[in-house]
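In case you want the letters, here they are:
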Amino acid sequence: MRGAVLFSTRYGSTAQYAAWIAGATSLPVYDLDKSRLKLSDFDFLVLGSPLIYHKVMFHRWVKRNLDDILGRPTVFFSVSGAGAGSKLDGWMADSLPAAFMSHVSHVALRGRQNPKELSRFDRVMLIIGGLKNPDRQAAKEEMHGFDFMDKASIAPVLERIQKLQARSGHAT
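Here, residues in each chain are numbered from 1, in the same order as that chain's written sequence. The predicted origin of the model limits local features to residues at a pLDDT of at least 70 and limits the giving and counting of side-chain atom pairs to 80 or more, whereas totals for whole chains, interfaces and linings rest on all residues. The basis for every side-chain value is the complete set of non-hydrogen atoms in the structure, without hydrogens or water.

K.L.:
Account for the overall build of the chain, with residues named and values stated.
P.N.:
Secondary structure assignment for the chain yields eight helices and eight strands. Over its C-alpha trace the chain gives a radius of gyration of 16 Å, about what one expects of a compact globule, namely 16 Å for 172 residues. Projected onto the principal axes, the alpha-carbon positions of the chain cover approximately 50 × 30 × 30 Å. Here the term buried applies to any residue with accessible area under 20% of the maximum for its type, exposed to any over 50%, and partly exposed to those in between, with areas from a 1.4 Å probe on protein chains only. Looking at the chain as a whole, 43% of its 172 residues qualify as buried. Contact definition: two residues touch when any of their heavy atoms are within 4.5 Å. Taking as baseline every contact in the chain between residues at least 6 positions apart, the subset at least 24 positions apart corresponds to 78%. In DSSP terms, a helix is any run of H or I states spanning at least four residues, a strand is any run of E spanning at least two, and both are numbered starting from the N terminus. Within these notes, the globule rule equals 2.2 Å times the number of residues to the 0.38 power, and the radius of gyration is based on C-alpha atoms.

Written out as structure tokens, the structure is:
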């Protein structure tokens, strides 16, 4: 099966995960903001996006390409400061079509946020969010940054890709 890793990124965490996944699987990797692709060229997709302000960054792209996505097996990895759980599930449900979420095999990965790399607007918004956040640990992370990047955390994504490749006898 011919697959590809497609991602969007703002500050680089999702790009790093996409590169690690592509390197481990020998799949081609494409930045959705820099590539024009026909999804029909691929038998399966590995999609990655960060969550920015409680929304999946590529939610509009998903809506525009939903029919093509639903036509092939899809692994989706999200990247955020929040770990897997009801908070993250709610944010994704609010920004992605239900048909997409029921179709994909989702893996939540934790990212990195360095306040020095953020735009002024993003820094201010995170400070405001941190001041209002009742979870004091999450508030501290919002205001001062965090780094949860971990190459080993892509293992569940790799397992899902290997299963898709094994279906056609093209495991790498």
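K.L.:
Would you mind going over a nonpolar patch on the surface in detail, with residue names and values included?
P.N.:
On the surface, Tyr-53, Phe-121, Val-124, Met-125 and Ile-128 cluster together into a nonpolar patch covering about 460 Å² of accessible area. In this fold, Ile-128 is placed in helix α6 (residues 120-132). Taking the relative accessible area as the measure of exposure, Ile-128 reaches 40% and is therefore partly exposed. Within this analysis, patches are made of residues with over 30% relative accessible area and no salt bridge. Like charges are joined at 9 Å or less; nonpolar side chains (Val, Leu, Ile, Met, Phe, Trp, Tyr) at 5 Å or less. Under the convention used here, a 1.4 Å probe and the Shrake-Rupley method define accessible areas, while residue burial counts only the protein chains that appear. Salt bridges are identified by distance alone: a Lys or Arg side-chain nitrogen within 4 Å of an Asp or Glu carboxyl oxygen.

K.L.:
Describe the layout of surface pockets, with residues and values.
P.N.:
In the cavity and pocket records, a cavity denotes points on a 1 Å grid over the protein atoms alone where a 1.4 Å probe fits but cannot get out, a pocket denotes an open set with protein on both sides within 12 Å along at least 5 of 7 lines, and lining residues are residues with an atom within 4 Å of a point. Grid points are joined across faces, edges and corners, and a volume is the space filled by probe spheres set on the points. For the largest pocket, the calculated volume is near 880 Å³. Around the largest pocket sit 36 residues that line it, and Leu-51, Gly-81, Leu-126, Glu-142 and Phe-146 are the ones nearest its centre. Elements with a minimum of two residues in the lining of the largest pocket: α1 (13-25), β3 (44-52), β5 (74-80), α4 (86-95), β7 (112-113), α6 and α7 (136-144). Here the lining of the largest pocket takes six residues from α6, the largest share from any one element. Under the scheme applied here, ten amino acids are nonpolar (Ala, Val, Leu, Ile, Met, Phe, Trp, Tyr, Cys and Pro), four are charged (Asp, Glu, Lys and Arg), and all others, including Gly, are polar. Here the lining of the largest pocket is composed, by residue class, of 14 nonpolar, 13 polar and nine charged.

K.L.:
Describe in detail the nonpolar core, supporting the description with residues and values.
P.N.:
Among buried residues, the Ala, Val, Leu, Ile, Met, Phe, Trp, Tyr and Cys ones that are joined through side-chain atoms within 4.5 Å form a nonpolar core. Formed by 22 residues in total, the largest nonpolar core has its most connected members in Leu-47, Phe-58, Trp-61, Val-62, Ile-69, Phe-76 and Phe-100. For this core, the secondary structure elements donating two or more residues are β1 (3-7), β3, α2 (59-64), α3 (66-70) and α4. Contacts of Phe-58, omitting those with residues within four sequence positions, involve Ser-8, Leu-32, Leu-47, Gly-48, Ser-49 and Phe-76. Formed by 21 residues, the second largest nonpolar core is a distinct cluster that contains Ile-21, Phe-77, Val-107 and Met-149.

K.L.:
Could you give an account of the packing of aromatic side chains, with specific residues and numbers?
P.N.:
When two rings of Phe, Tyr or Trp (its six-membered ring) have centres within 6.5 Å they constitute a pair, described as stacked for plane angles under 30 degrees, edge-to-face for angles over 60, and tilted for the intermediate range. Taken as a whole, this structure holds six aromatic pairs when the rule is applied. Centre to centre, the rings of Phe-58 and Trp-61 are 5.6 Å apart; their planes meet at 25°, and the pair counts as stacked. Residue Phe-58 is classed as buried on the basis of its relative accessible area, which comes to 4%. According to the relative accessible area criterion, Trp-61 is buried, its value standing at 14%. Taking the centre distance of 5.8 Å and the plane angle of 25° together, the rings of Phe-58 and Phe-76 count as stacked.

K.L.:
Any details on α4? Residues and values, ideally.
P.N.:
Of all the residues in α4, the buried ones are Leu-88, Trp-91, Met-92 and Ser-95. Buried residues of α4, viewed axially, fall in a sector of 95°; they line one side. Of the residues in α4, the exposed ones pointing more than 90 degrees away from the buried face are Ser-86, Ala-93 and Asp-94. Where α4 is buried, its residues contact β3, β4 (55-56), α2, β5, α5 (98-103) and β6 (105-110). Here the arc refers to the set of directions running from the helix axis out to each C-beta atom.

K.L.:
Give a description of the side chain of Ser-13 that names residues and reports values.
P.N.:
Turning to its location among the elements, Ser-13 is positioned in helix α1. Using a relative accessible area of 8% as the deciding quantity, one classes Ser-13 as buried.

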